[in-house]
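So you can see what is in the structure, the chains are spelled out below.
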Amino acid sequence: MSASVDIERARRLVGEARRVVALTGAGISAESGVPTFRDAGGLWRNYRPEELATPQAFARDPRTAWEWYDWRRSVLAGCAPNPGHRALARFFLARGAAGVVTQNVDGLHTRAAVEEAGNGPPEAALPVELHGAVGRDRCNRCEARFPAEPLGDALPRCDSCGGLRRPDVVLFGESLDGDVLARAYSLAERADLCLVVGTSAVVYPAAAVPLATLEAGGSLIEVNLEDTPLTRSATVALRGAAGEVLPALLG
Ligand code: BV8
Ligand code: ZN
C-alpha cells in the first residue's frame, strides 16, 4: 500500500478514535540528537546498554556506570523536543485526555508538554515514564530524590543519609514501579487506538502495553523506520521518521 494511502487510512483511524494511547521509545528522540539504544552501545566505548544499565554494573563498577549516565546527561543537555514530541503533545492537549506512555528517560515529552501548553495546564500531555527519568538521582538506601548534578571526583551521595545515589531510572532486571505500570495498562486497556512510535518493541513489560489495546479490540498504528515484532499486529504501519510522520498524522 502506498505511503499516502497509509497515512490517510491512519488519519481516519485517529479521527474516529475515542481514546488514544501512545507508547514511545528511543526512536522518537533520535531526531533530537539522543542516541537510540541501538547506537548508544556503538557510540560509547563498546558497552551494551543491557550490560551497563544494570544493578550489577553499579555494584561491580559504579564509576564506569556513573560515567555512562553522566555522558548521556551531557548529550541530553544539548537536546530539545523535536516536531514528533510536539505534535504528540499538541494532540493530547487538544483532546484533554492523557495518553503518552514512554520508555524514554530523556524528559523530552515533559518538556514538549510544558512548552506546547504555554500558560495552560500541561497535564494531558505529560507522559507516564515507565523507566524513570535520567534527570533525577535516587538514593540507593533511603530512596530520596535529587536533581541530577555533573559527576565529580567522588561518587554522588545522599544529602539525607549518605547512601550512594544512582540515576532515578529502572535498570535491566529491576521491576518497574507497580503504580506506574498499572497506570500505563489502564490507559492502554481503555484506548481504542494505540500509536507505537520509535520502539524496537523488545523490552518487556513496556512492549506488552500496546497488546492491552489490541486485546480490548482496539487498533494499532506503528510509526517506525523499519519493521518490529509489533508490525504484524499493526492496523497501519507507517514507515518514516517520527518527526515527519507524527505532524502529518496528528496535525
Ligand atoms: C523486568 C532505563 C521484572 C535505563 C531501560 C533476564 C533477567 C532479568 C530481566 C530479563 C531477563 N531477560 C529479559 C528480561 C526482561 C527485561 C527485558 O525485556 N530485556 C530485553 C533486553 C529482552 N526487562 C527488564 O529487565 C525490565 N524489568 O522485567 O522486571 C523482572 C525482575 C527481575 C528478574 C526478571 C524480571 C526492566 C526493563 C527496563 C530497562 N531500562 N531504560 C536507561 O535508559 O539507562 S530500557 C531501555 O531500552 C529503554 O528505556 C527502552 O525500553 C529500551 C530500548 O528500546 P527502544 O526504546 O525501543 O530503543 P531501540 O534503540 O531499541 O529502538 C529504537 C527504535 O526506533 C528502532 O525500532 C528504530 O527503527 C526506531 N527509530 C530510530 N529512529 C527513528 C525511529 N523511529 C521513528 N523515527 C525515527 N527517527
Ligand atoms: Zn539516602
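Rules and cut-offs
Residues numbered from 1 in each chain as written. Chains lettered and ligands numbered in written order. Predicted model: local features only at pLDDT ≥ 70, side-chain atom pairs only at ≥ 80, totals over all residues. Heavy atoms only, no water. Near = heavy atom within 4 Å. Polar contact = N/O pair within 3.5 Å; in protein donor to acceptor, adjacent residues only side chain to side chain. Areas by Shrake-Rupley, 256 points an atom, 1.4 Å probe, with all protein chains shown as cover. Helix = DSSP H or I, 4+ residues; strand = E, 2+ residues; numbered from the N terminus. Nonpolar A, V, L, I, M, F, W, Y, C, P; charged D, E, K, R; others polar. Donors = N, O, S within 2.8 Å, 3.2 Å for Na, K, Ca; no water. Tetrahedral: all angles 85-135°; square planar, octahedral: opposite > 155°, others 65-115°. Buried < 20%, exposed > 50% of the residue type's maximum accessible area, 1.4 Å probe, protein only. Arc of directions from axis to C-beta. Contact = heavy atoms within 4.5 Å. Pairing = 2+ DSSP bridges. Salt bridge = Lys/Arg side-chain N within 4 Å of Asp/Glu carboxyl O. Axes fitted to C-alpha atoms, helices over the stretch in contact; angles between N-to-C directions. Parallel < 35°, antiparallel > 145°, perpendicular 65-115°, else oblique. Left-handed = near helix turned anticlockwise from the far one by under 90°. Phe/Tyr/Trp six-rings, centres within 6.5 Å; stacked < 30°, edge-to-face > 60°. Lys NZ or Arg CZ within 6 Å of the ring centre and 35° of its normal.

Student: Would you mind going over the site of ligand 1 with me for this structure?
Tutor: Tyr-69, Arg-72, Gly-173, Glu-174 and Ser-200 are the nearest of the 35 residues found near ligand 1. Between an oxygen atom of ligand 1 and a side-chain N or O atom of His-131, the distance comes to 2.8 Å. Residue Asn-224 places a side-chain N or O atom 2.7 Å away from an oxygen atom belonging to ligand 1. For ligand 1, whose accessible area on its own is 1,500 Å², the fraction buried by protein is 75%. When residues of the shell around ligand 1 are traced back to their parent elements, those giving at least two are helix 2 (27–30), helix 3 (37–43) and helix 6 (62–76). Looking at the shell around ligand 1, its residues break down into 17 nonpolar, 12 polar and six charged.

Student: It is not clear to me how the coordination of the zinc ion (ligand 2) should be interpreted in this structure. Could you clarify?
Tutor: Distances from the zinc ion (ligand 2) to its protein donors, Cys-139 (SG), Cys-142 (SG), Cys-158 (SG) and Cys-161 (SG), fall within 2.2 to 2.4 Å. Considering all four donor atoms around the zinc ion (ligand 2), the spread of angles at the metal, 100 to 120°, places the coordination shape in the tetrahedral class. Sequence spacing among the residues donating to the zinc ion (ligand 2) works out to C-x2-C-x15-C-x2-C. The exposure class assigned to Cys-142 is partly exposed, which follows from its relative accessible area of 35%.

Student: Can you walk me through helix 8 (residues 108–117) in this structure?
Tutor: Note that an α-helix has 3.6 residues per turn; residues three or four places apart therefore point the same way. Listing the buried residues of helix 8 in full gives Leu-108, His-109, Ala-112, Ala-113 and Ala-117. The buried residues of helix 8 all sit within an arc of 155° when viewed along its axis, so they share a single face. Among the structural elements, strand 1 (20–24), helix 2, helix 7 (83–95) and strand 2 (100–102) are those in contact with the buried residues of helix 8. Looking one or two places after helix 8, you find Gly-118, whose phi comes out positive at around 60°.

Student: I would appreciate a short explanation of the pairing of strand 1 in the present structure.
Tutor: Look at any regular strand and the pattern is simple: side chains alternate between the two faces of the sheet. In terms of burial, strand 1 is largely enclosed, as five of its five residues are buried. Of the two faces of strand 1, the one carrying Val-20, Ala-22 and Thr-24 and the one carrying Val-21 and Leu-23 are both buried. Summarising the sheet, strand 1 and strand 7 (residues 193–197) pair through five bridges and their orientation is parallel. Opposite Leu-23, over in strand 7, you have Val-196 as the bridge partner. Examined bridge by bridge, strand 1 and strand 2 share three bridges and lie parallel to one another. Bridging from a neighbouring strand, Leu-23 pairs with Val-101 of strand 2.

Student: Whenever I open this one, the pattern of salt bridges confuses me. Can you help?
Tutor: When the charged atoms of two side chains with opposite charge come close together, those side chains can pair. Scanning the entire structure with this criterion turns up 18 salt bridges. Across the salt bridge formed by Glu-222 and Arg-239, the nearest N and O atoms sit 2.9 Å from each other. Remark: Arg-239 occurs in strand 9 (residues 236–239) and Glu-222 occurs in strand 8 (residues 219–224); sequence separation between them is 17 residues. Residue Glu-222 is classed as buried on the basis of its relative accessible area of 1%.

Student: When you look at the packing of helix 7 against helix 11 (residues 242–250) in this model, what are you seeing that I'm missing?
Tutor: To describe two helices that pack against each other, one gives the angle between their axes and the distance between the axes. It is the contact of helix 7 with helix 11, at a shortest axis distance of 7 Å, that shows an interaxial angle of 25°. Considered as vectors, helix 7 and helix 11 are oriented roughly parallel to each other. Viewed along their axes, helix 7 and helix 11 form a crossing whose handedness is left-handed. Contacts from Pro-83, Gly-84, Ala-87, Leu-88 and Phe-91 of helix 7 reach helix 11 at Ala-242, Gly-243, Leu-246, Pro-247 and Leu-250. Here the contact of helix 7 with helix 11 is built from residues that sort into eight nonpolar, two polar and no charged.

Student: I tried to follow the packing of aromatic side chains on my own but got confused; where do I start?
Tutor: Think of a pair of aromatic rings as described by two things: how far the centres are apart, and how the planes are tilted against each other in angle. Applying the stated criterion across every chain, the model contains four aromatic pairs. With 5.1 Å between their ring centres and 70° between their planes, Trp-68 and Tyr-69 make a pair best called edge-to-face. For the pair Trp-68 and Tyr-69, one class covers both residues: buried. Seen in terms of ring centroids, Phe-91 and Phe-92 are 5.1 Å apart; in terms of plane orientation they differ by 85°. Their pairing is edge-to-face. The same class applies to Phe-91 and to Phe-92, which are both buried. Following the ring pairs from residue to residue traces out a cluster consisting of Phe-58, Trp-66, Trp-68 and Tyr-69. A cation sits over an aromatic face here: Arg-72 above Trp-68, 4.5 Å from the ring centre. The ring of Phe-146 has Arg-165 lying over it, and the distance from NZ or CZ to the ring centre is 4.0 Å.

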